[in-house]
Amino acid sequence: MRQFLVFVRKEFYHIFRDKRTLLILFGMPVILIVLFGFAITNEIHHVKIGVLDNARDVYSQQMIHKITSSGYFEVDQNLRTADEIESTFRKGDIKLVIVIPDHFGDKFYHEKKAPVQLLADASDPNTATTVINYATAIIGQYQQEMTGKITLPLTINTEVRMVYNPSLKGVFLFVPGVMTLILMLVSAMMTSITITREKELGTMEILLVSPLRPILIIAGKVVPYIALSFIIACIILVMGFFIFGMPIKGNLLLLLAECGLFGLTALSLGILISSITSSQQTAMMISMMGLLLPTILLSGFVFPIESMPRPLQIFSNIIPAKWFIIILKDVMLKGSGLRQIWLPTVILGGMTLFFLVLSVRNFKTRLS
Amino acid sequence: MKNYAIVTKELTKRFGDFIATNAITFEVEQGEIFGFLGANGAGKTTAMRMLCGLLKPSSGEAKVAGFDVYTQTEKVKQSIGYMSQKFSLYEDLTVKENIRFYGGIYGLSNQQIKDKTHALLQQLNMEKEAGHLVSSLPLGWKQKLSFSIAVIHDPSIVFLDEPTGGVDPITRRQFWDLIYEAADRGVTIFVTTHYMDEAEYCNRISIMVDGKIKALDTPKKLKEQFNADSMNDVFLQLARAKS
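Keep in mind the model is a prediction, meaning the values are calculated, not measured. (Residues numbered from 1 in each chain as written. Chains lettered and ligands numbered in written order. Predicted model: local features only at pLDDT ≥ 70, side-chain atom pairs only at ≥ 80, totals over all residues. Heavy atoms only, no water.)

A. View of the environment of Pro304 of chain A. Relative to the helices and strands, Pro304 of chain A is located in the loop between helix H11 (280-297) and helix H12 (310-315). Between the C-alpha atoms of Pro304 of chain A and Pro294 of chain A, which are 10 residues apart in sequence, the distance is 13 Å. (Helix = DSSP H or I, 4+ residues; strand = E, 2+ residues; numbered from the N terminus.)

The structure is reproduced here in structure tokens:
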């Protein structure tokens, strides 16, 4: 036990004396959270729009007012003719043009039909879709207000309620995502690098000649990272909670335990990587390509798994991050307990066990 | 019956078809400085690794400090010190921290480590540098420190794998003084080297060619046997005979 403590202390010296390691450990989570929280967002605010109002009556004015007062849009330009639309888009500022026909109010009340045209700049398809959806929804609301004054014979009213994330906040997706990414980065990449570094330096040989048991060497190398990744997970949770209002509806202890479990999964992957390579660079490349990319692309963090082609959907099942994101969302947003998330938990646990056994068996006791 | 530190019999290591160490048999006496010579790729490092418990032999027998290398690796490890050709201290730790770490993993108590640190720094005349990072030390100092740390747990045998590579002659001489001091305390020294002047410092040397031991005796007798003026000649005769 004393040998183990001596080892762990040495490991902390390494970590705290290497500025790059510290930067990755503590700078990265904060930067990622801030980036995803403020910069990379698919919510829309104050999108500039152009309006070609051919009617200029009370109703068209009311509708435009309704659209701008939502906070999502602001009228940047009032167009006079349809010819101006093209050149307005060209300038690039304006993402949406609303064309209102002449005699808008008359047409609506007397012909019972008033076509409004929405033109979106689809050079960025995601934004275009979002913008169109928001605009359509607002116009729909306005229509209801107008028809509220007269009674239609038959109507179907859809009542939409966004459960678990009523205001459709992007944070709710990216906090679990970033947490997964960081834990993967810290635990898997850093462990694989720190172990291969000892191999590269030749100190691993000395350690293996010493009476320290190999399992103790591995444990001594990874325990500090378990502790650190746990602290980092807490930092992310606290930042998510206080800065972005990410709720934690479920049991906090359960949440932390699951974080610990995923940390262990990532660590076992890190050990596995370090057991198949002996250079830091290779270890880093494998971690990047083999772990980080799938974690970002195939875990449902950035792209929804449901919209992937079938083979990728099946493939995503072997990505540990997918299961962890499911767990995080369920516990944080839905307040699920162990009874609801036992399946992903068992899968993660199984994966961890598998990787651990594989890597410990692979770890060369004898440097052959 | 002499007291042997290392005994091997027909010790062999194969990597697939390649035989790195081919049935080598030799004994090393307790307290002896045993030089283990050979060209690059002759199988020195492989043989040494088998004796340290880093590699499992393919066949043959070997006992180190009286313990079997197949079944008693843990006991072997406890009784040996090892210094590899790669520099083996942690550069981002201070001199003192390195001593404490290696003392710690060999299970020394805090008091023992404290005493050892003091004695060791005094011997190396490095008291002032105790708190410096190892990366700031000149290579020769690092090498001497490495050696002192390799024997910190008072092993009965210490294996040195080309310990003086890239070091100037004066430092090498000082390094050998350390080796002699250890040998005087009764520590068996098993050393590989490429420097023939160092070979002369050994009590006995063996020369490996292509996985086999081609010569084994005191430097003096080897020179007589091969009718050579220096160990360099002996070595060249043996190594050339092969090609």
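B. Molecular detail of unusual backbone geometry. All names here are of chain B. Of note in this structure, Ala65 is not a glycine but carries a positive phi near 55°. Here Ala65 is to be found in the loop between strand E4 (59-64) and strand E5 (67-68). Despite not being glycine, Asn125 shows a phi value in the positive range, around 60°. Of note, Asn125 is situated in the loop between helix H4 (110-124) and helix H5 (139-150).

C. Structural detail: H4 of chain B. Given a rise of 1.5 Å per residue, 15 residues ought to cover 21 Å, and the 21 Å separating the end C-alpha atoms of H4 of chain B matches this to within 8%. Looking at the buried residues of H4 of chain B, the elements they touch are helix H1 (2-17) of chain A together with helix H3 (95-105), H5 and helix H6 (169-184) of chain B. Of the residues flanking the end of H4 of chain B, it is Asn125 of chain B, one or two places downstream, whose phi is positive at about 60°. (Expected span 1.5 Å × (residues − 1). Contact = heavy atoms within 4.5 Å.)

D. Quick look at the interface of chain B and chain A. Contact residues are listed per partner, giving 36 residues for chain B and 28 residues for chain A. Carbon and sulfur atoms make up 56% of the surface buried where chain B meets chain A, a total of about 2,800 Å² over both sides. Of all residues in chain B, Leu54, Tyr90 and Ile105 of chain B give up the largest surface area on contact with chain A, accounting jointly for 23% of the area buried on that side. The interface formed by chain B and chain A contains three salt bridges. Secondary-structure elements contributing two or more residues to the side of chain B that touches chain A are helix H1 (44-52), helix H2 (73-79), strand E6 (80-83), H3 and H4 of chain B. Among the elements that line the side of chain B that touches chain A, the one with the most residues is H3 of chain B, at six residues. (Buried area = accessible area lost by both parts, 1.4 Å probe. Salt bridge = Lys/Arg side-chain N within 4 Å of Asp/Glu carboxyl O.)

E. Spotlight on a nonpolar patch on the surface. Residue and element names in this part refer to chain A. Together, Met284, Met285, Met288, Met289, Leu293, Leu297, Val302 and Phe303 line one region of the surface with nonpolar side chains, adding up to about 710 Å² of accessible area. Its location among the elements puts Met288 in helix H11. Judged by relative accessible area, Met288 falls into the partly exposed class, the value being 33%. (Patch = residues over 30% accessible without salt bridge, like charges linked within 9 Å, V, L, I, M, F, W, Y side chains within 5 Å. Areas by Shrake-Rupley, 256 points an atom, 1.4 Å probe, with all protein chains shown as cover. Buried < 20%, exposed > 50% of the residue type's maximum accessible area, 1.4 Å probe, protein only.)

F. Spotlight on H11 of chain A. All names here are of chain A. The end-to-end C-alpha distance of H11 is 24 Å, a good match for the 26 Å that 18 residues give at a rise of 1.5 Å each. At Met288, H11 shows its maximal kink, close to 30°. Restricting attention to buried positions, one finds in H11 the residues Ala283, Ser287, Leu291, Leu292, Pro294 and Thr295. (Bend = angle between axes of the 7 residues up to and from the residue.)

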